Amino acid sequence: IQSANFKAEYAAKEIDSGFAILHAHSLLGLWGAMESLVEDLFLERLHANESLLSSEMFAKVRIPVSVIGSSDQRDRAVLAEASRASNAHLALGTGKFERLLEYVSLSGPVPKRIRDIMFRTQQVRNVWAHRAGYADQKFVERCPDFRVALGSRVDINATVFLEMMHGMHMYAVV
């Protein structure tokens, strides 16, 4: 009975929050899929057009000689090095992806509304991935429109989740 009561209380909290945890976990999966999409686009573009490796963008990319034999290994090493060299992992919002896509001539202008949604999505994703959904100082400063106090949980209701999901979709289309 104690276990059933605990589960019932947890379910009631989840319902009251608009299924915040369900939306957060879905958002984590979608962001991971977006990262994979950009990496796959990078790799496929290199595979389809190896002359891109001669461009100035790749002039500073260094890869181990041991991976030169296999084009798949080489391309993955090039992706990792391009990501490191461009600090893509440190970039905010669409910048994370655009820095990589620039190497393979797929970057370009992104409408402000989509950039803004992608930025917010990345920030919410980071709070859930690294802080179990609780706002840190960076989140409070970067996303004041959420009106969340430091240390409070960042709940994601259906409206916010759908906006973020559609924002990622539109970024992929653009």
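Placed above this text is the structure.
All of the points below concern the structure found in this document. The structure presented is a predicted model; accordingly, all values stated were derived computationally and were not measured. (Residues numbered from 1 in each chain as written. Predicted model: local features only at pLDDT ≥ 70, side-chain atom pairs only at ≥ 80, totals over all residues. Heavy atoms only, no water.)

Some words on the packing of helix H2 (residues 20-48) against helix H4 (residues 95-103)
Where we set the bar: Fitted lines through C-alpha atoms give the axes, limited to the stretch in contact for helices. The angle between two N-to-C directions lies from 0 to 180 degrees. Going along the chain from the N terminus, every DSSP run of H or I of four or more residues is numbered as a helix, and every run of E of two or more is numbered as a strand. Roughly parallel refers to an angle under 35 degrees, roughly antiparallel to one over 145, roughly perpendicular to one between 65 and 115, and oblique to any angle outside these ranges. Left-handed is the label given to a crossing in which the near helix is rotated counterclockwise from the far helix by less than a right angle, and right-handed is the label when the rotation is clockwise. In this description, contact between two residues means that some pair of their heavy atoms is separated by no more than 4.5 Å. Throughout this entry, Asp, Glu, Lys and Arg are counted as charged residues, while Ala, Val, Leu, Ile, Met, Phe, Trp, Tyr, Cys and Pro are counted as nonpolar. The remaining residues, Gly among them, count as polar.
Contact pair H2 / H4: the axes reach a minimum separation of 9 Å and the direction vectors enclose 10 degrees. Considering the angle they form, H2 stands roughly parallel to H4. Where H2 crosses over H4, the two elements pack in a sense that is left-handed. Residues Trp 31, Met 34, Glu 35, Val 38, Leu 41 and Phe 42 of H2 form the contact with H4, whose participating residues are Lys 96, Phe 97, Leu 100, Leu 101 and Tyr 103. In terms of residue class, the contact of H2 with H4 is built from 9 nonpolar, no polar and 2 charged.

A closer look at the layout of surface pockets
Selection criterion: In this analysis a 1.4 Å probe is tested at points of a 1 Å grid over the protein atoms alone, and where it fits but cannot get out there is a cavity; an open set with protein on both sides within 12 Å along at least five of seven lines is a pocket; lining residues have an atom within 4 Å of a point. Grid points are joined across faces, edges and corners, and a volume is the space filled by probe spheres set on the points.
Approximately 250 Å³ is the volume attributed to the largest pocket. Lining of the largest pocket is provided by 18 residues; of these, Gln 123, Asn 126, His 130, Lys 138 and Arg 142 occupy positions nearest its centre. Sorting the residues of the lining of the largest pocket by element identifies H2, helix H5 (112-131) and helix H6 (137-142) as the ones contributing at least two each. Per element, the largest residue contribution to the lining of the largest pocket is 7 residues, and it comes from H5. Of the residues that constitute the lining of the largest pocket, the class distribution is 6 nonpolar, 5 polar and 7 charged. The computed volume of the second largest pocket comes to approximately 190 Å³. Lining of the second largest pocket is provided by 14 residues; of these, Leu 101, Leu 106, Tyr 171, Ala 172 and Val 174 occupy positions nearest its centre. At the level of elements, H2, H4 and helix H7 (158-173) are the ones that each hand at least two residues to the lining of the second largest pocket.

A look at the environment of Asn 157
Under the convention used in this document: Whenever a nitrogen or oxygen atom comes within 3.5 Å of another N or O atom, the pair is scored as a polar contact, on the condition that within protein one atom can donate a hydrogen and the other can accept it, and that pairs from neighbouring residues in sequence are kept only if both atoms are in side chains.
Here Asn 157 is to be found in the loop between H6 and H7. Residues Asn 157 and Gln 137, spaced 20 residues apart in sequence, show a C-alpha to C-alpha distance of 22 Å. Within the structure, Asn 157 has its side chain in polar contact with the backbone nitrogen of Thr 159 (distance 3.1 Å).

Side note on the pattern of salt bridges
Two side chains that carry opposite charge are able to pair once their charged atoms sit near each other. As a reminder of what qualifies: Between Lys or Arg on one side and Asp or Glu on the other, a salt bridge is scored when a side-chain nitrogen of the former is within 4 Å of a carboxyl oxygen of the latter. Only protein chains enter the calculation, and the probe is 1.4 Å; a residue is then buried if its accessible area is under 20% of its type maximum, exposed if over 50%, and partly exposed in between.
The full count for this structure, using the stated rule, is 9 salt bridges. Where Asp 116 meets Lys 112, a salt bridge forms, and the shortest distance between an N and an O atom there is 2.7 Å. Here the residue Asp 116 and the residue Lys 112 both occupy positions in helix H5, the gap between them amounting to 4 residues, near one helical turn. Assessed through its relative accessible area of 36%, Asp 116 is described here as partly exposed. One network of salt bridges, with partners in common, ties together Arg 113, Arg 120, Asp 145 and Glu 163.

Examining the packing of aromatic side chains
Aromatic ring pairs are described here by two measures, namely the spacing of the ring centres and the angle between the planes. Counted only if it meets this: Two rings from Phe, Tyr or Trp (for Trp, the six-membered ring) form a pair when their centres sit within 6.5 Å of each other. Planes less than 30 degrees apart are called stacked, planes more than 60 degrees apart edge-to-face, and all others tilted.
Under the criterion given, the structure shown has 6 aromatic pairs. When the centroid spacing of 5.3 Å and the interplanar angle of 45 degrees are considered together, the rings of Trp 31 and Phe 97 count as tilted. Highlighted residues: Trp 31 in helix H2 and Phe 97 in helix H4, separated in sequence by 66 residues. Seen from their ring centres, Phe 97 and Tyr 171 are 5.9 Å apart, and the 35 degrees between their planes marks the pair as tilted. Residue Phe 97 is found in helix H4, and its partner Tyr 171 is found in helix H7; the two are separated by 74 residues along the sequence. Overall, Phe 97 belongs to the buried group, its relative accessible area being 2%. Taken together, the aromatic side chains of Trp 31, Phe 97 and Tyr 171 make up a single cluster linked through ring pairs.

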